[in-house]
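Chains, contacts and geometry: an overview
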Amino acid sequence: MAKLEIASFNIQSALIAQEYGADRVELCAGMEVGGTTPSDDDIIQSRKNLHIKLNVMIRPRGGNFVYSDHEFQQMKADILRIKAFGVDGFVFGVLHEDNSVNITQNKELVDLASPIPCTFHRAFDEVVNYETALEDVVSCGFQTILTSGCEPNVDLGIDNLRELVRLAKDRIVIMPGGGLRSTNIQNLHSKTGAHFYHSSAITDSGDTAVGAEVSALKSVLEKISK
């Protein structure tokens, strides 16, 4: 059955995600910049209270995905420290200034995280050539790519998402995310055939997942997976 990940920008969202049926939480801070590394305390408390999978974003700041040496060293230190908290996955992505995938730095981070699996986040949507980027990300050892299909949202990127799923085959999971809601997930699934989906499930002006939306997303996935 297709699975659901909820991007959670606070512990309350993570708990709501679990209560209403999500399969995994992606814990972040910095909602206003699209997600940054959460605090150690939030990670520890989330791990203590969650029995579902917990992935953690590693991103030292908002903005682009080209990092200084100091920022890259910080990412490495964060991964090594957070591994001890019992998380189930890491989420990050590093690009070159031309927005191609920085294979060297990504592979170093993936190797540091091992054996914990890693997701290449929506930095992927900044790349110029998604076919080349897909192969680069696979070569780094990532297990999942979170993407809106290199467009502002999944509705606009649906054709690219379908092609990415086709090209990925069984080598890596393509996880559509970015504007994903219970109102469009059925169409997205029918067009792409993806097996994992990502949403913040925020349907109001707040920063916390809405339980009814998490439940609705999961309900659609359960119906279409039968």
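So, here is what we can say about the structure in this document. (Residues numbered from 1 in each chain as written. Predicted model: local features only at pLDDT ≥ 70, side-chain atom pairs only at ≥ 80, totals over all residues. Heavy atoms only, no water.)

Attention shifts here to the sheet that holds strand E2 (residues 24-27). In spatial order, the strands read E7-E6-E5-E4-E3-E2-E1-E8; together these 8 strands make up an open sheet with parallel pairing. Each edge of the open sheet carries a strand with a single partner, namely strand E7 (173-176) and strand E8 (196-199). Strand-to-strand twist of the sheet, defined as the mean angle between neighbouring strand axes without regard to direction, takes the value 25°. Inspection of the sheet shows strand E6 (residues 144-147) paired to E7 by 4 bridges, in the parallel sense. Across the sheet, Leu 146 pairs through a bridge with Met 175, a residue of E7. Contacting strand E1 (3-8) and E2, helix H1 (residues 11-19) runs over the sheet at an angle of about 165° to E1. Of the strands in this sheet, E6 and E7 touch helix H6 (residues 158-168), which is tilted by about 165° from E7. (Pairing = 2+ DSSP bridges. Helix = DSSP H or I, 4+ residues; strand = E, 2+ residues; numbered from the N terminus. Axes fitted to C-alpha atoms, helices over the stretch in contact; angles between N-to-C directions. Contact = heavy atoms within 4.5 Å.)

Next up on the list: the packing of H1 against helix H2 (residues 40-49). Remark: H1 packs on H2, axes separated minimally by 10 Å, with the N-to-C direction vectors making an angle of 20°. In terms of their interaxial angle, H1 and H2 are classed as roughly parallel. In terms of crossing hand, the pair formed by H1 and H2 is right-handed. Contacts from Ile 11, Ala 14, Leu 15 and Gln 18 of H1 reach H2 at Asp 42, Gln 45, Ser 46 and Asn 49. The residue makeup of the contact of H1 with H2, split by class, is 3 nonpolar, 4 polar and 1 charged. (Parallel < 35°, antiparallel > 145°, perpendicular 65-115°, else oblique. Left-handed = near helix turned anticlockwise from the far one by under 90°. Nonpolar A, V, L, I, M, F, W, Y, C, P; charged D, E, K, R; others polar.)

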